[in-house]
Amino acid sequence: MTDEEVLGEFRAAEALLEGHFILSSGLRSPKYLQCARVLMDPARAERLAKALAAKIPADLRGQIEAVVAPAMGGLIIGYEVARALGVDSMFVERPQGTFELRRGFRLEPGTKVLMMEDVVTTGLSSREAIAAIEAAGGKVIAGGCLVDRSNGAADIGVPLYSLIRLDVPTYAADRLPQDLAALPAVKPGSRAAA
């Protein structure tokens, strides 16, 4: 799938938004890709997940024994990528503010895991999810995401495979360009800003 085809999927789902957005990291951005909206169509979610799974090198793909995604954003794409790979899907969540496996999910010691996100901007949530997966016994061998907003700059400690890399500017709240500062800020994500 080409970058333009991926963006076409987001446009078709009305999931490529422009305005003034507050990201989970607390940074501000003039563009937002609403992955929940693009994944609400099961056929589209399956297409995107298969395309993403195909971008992971075959030798690495063959080692993956489970996919673990951070809740909320990674749930659907994590499940669909796990389905494309033919492995189990699990998720970590933050009931007390820190990611952990719950709901009876277990990883046998050394289970080779793909940590799957919807969007990576700074990589902080990915690193926190990886720490929780490893604390639960898994060995994270790679990360995946639909959208890498860092354009490859985010370091999550393992190779990161994305369906699309974008160079979308982000700004600290006190360093906004005038045109962005003039727009009302919206928090479209699933968790409170940092």
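About the thresholds
- Residues numbered from 1 in each chain as written.
- Predicted model: local features only at pLDDT ≥ 70, side-chain atom pairs only at ≥ 80, totals over all residues.
- Heavy atoms only, no water.
- Helix = DSSP H or I, 4+ residues; strand = E, 2+ residues; numbered from the N terminus.
- Rg over C-alpha atoms; globule rule 2.2 N^0.38 Å.
- Buried < 20%, exposed > 50% of the residue type's maximum accessible area, 1.4 Å probe, protein only.
- Contact = heavy atoms within 4.5 Å.
- Lys, Arg positive; Asp, Glu negative; His and termini not counted.
- Charge placed at Lys NZ, Arg CZ, Asp CG, Glu CD.
- Core = buried A, V, L, I, M, F, W, Y, C linked by side-chain atoms within 4.5 Å.
- Salt bridge = Lys/Arg side-chain N within 4 Å of Asp/Glu carboxyl O.
- Arc of directions from axis to C-beta.

Peer 1: So what's going on with the overall build of the protein? Which residues, and what values?
Peer 2: Within the protein, the secondary structure is distributed over seven helices and eight strands. Its C-alpha atoms give the protein a radius of gyration of 16 Å, within 12% of the compact-globule value 16 Å for 194 residues. Dimensions along the principal axes, computed over C-alpha positions, put the protein at roughly 50 × 35 × 25 Å. Residue burial in the protein is summarised as follows: out of 194 residues, 44% are buried. Across the protein, contacts joining residues at least 24 apart in sequence account for 63% of those joining residues at least 6 apart. Taken as two groups, the 22 positive and 24 negative side-chain charges of the protein have centres that lie 2 Å from each other.

Peer 1: Can you break down the nonpolar core residue by residue, with the values?
Peer 2: In terms of nonpolar packing, the biggest core is built from 35 residues, with V67, V81, L114 and L146 touching the most fellow members. For this core, the secondary-structure elements that each account for two or more residues are α1 (3-12), α2 (35-38), α3 (42-55), β3 (66-70), α5 (75-85), β6 (112-120), β7 (139-148) and β8 (160-165). In terms of residues, this core owes the most to one element, α3, which gives six residues. Sequence-distant contacts of V67, defined by excluding residues within four places in its chain, comprise G78, V81, A82, L85, V87, D88, S89, M90, L114 and M116.

Peer 1: Help me get a handle on the pattern of salt bridges, residues and values and all.
Peer 2: Tallying each qualifying case throughout the model produces 12 salt bridges. Among the salt bridges present, the one from R11 reaches E4, with a minimum N-O distance of 2.7 Å. On the basis of relative accessible area, R11 is assigned to the partly exposed category, the value being 44%. Of the charged contacts, one joins E46 and K50 as a salt bridge, the two residues approaching to 3.3 Å between their closest N and O atoms. With a gap of four residues between them, E46 and K50 both fall in helix α3, about one helical turn apart. Using a relative accessible area of 28% as the deciding quantity, one classes E46 as partly exposed. Connected through salt bridges with shared partners, the residues E46, K50, E80 and R83 form a single ionic network.

Peer 1: I'd love a proper account of α1, names of residues and values included.
Peer 2: What α1 keeps buried is the set V6, L7, E9 and F10. Buried residues of α1, seen end-on, are gathered within an arc of 150° and therefore sit on one face of the element. With respect to the buried face of α1, the exposed residues turned more than 90 degrees away are E4 and A12. Close packing links the buried residues of α1 with β1 (16-22), β2 (28-33), α2, α3, β7 and β8. Positive backbone phi, approximately 55°, marks E14, located one or two places after α1.

Peer 1: With reference to specific residues and values, describe unusual backbone geometry.
Peer 2: Look at the link from A71 to M72: it is a cis peptide, with omega at 10°. You will see that E14, though not glycine, has its phi angle at about 55°, which is positive. With respect to the secondary-structure elements, E14 resides in the loop between α1 and β1. Take E14: its relative accessible area is 56%, and that puts it in the exposed class. In this structure, N151 is a non-glycine residue whose phi angle is positive, near 60°. Residue class for N151 comes out partly exposed when judged on its relative accessible area of 38%.

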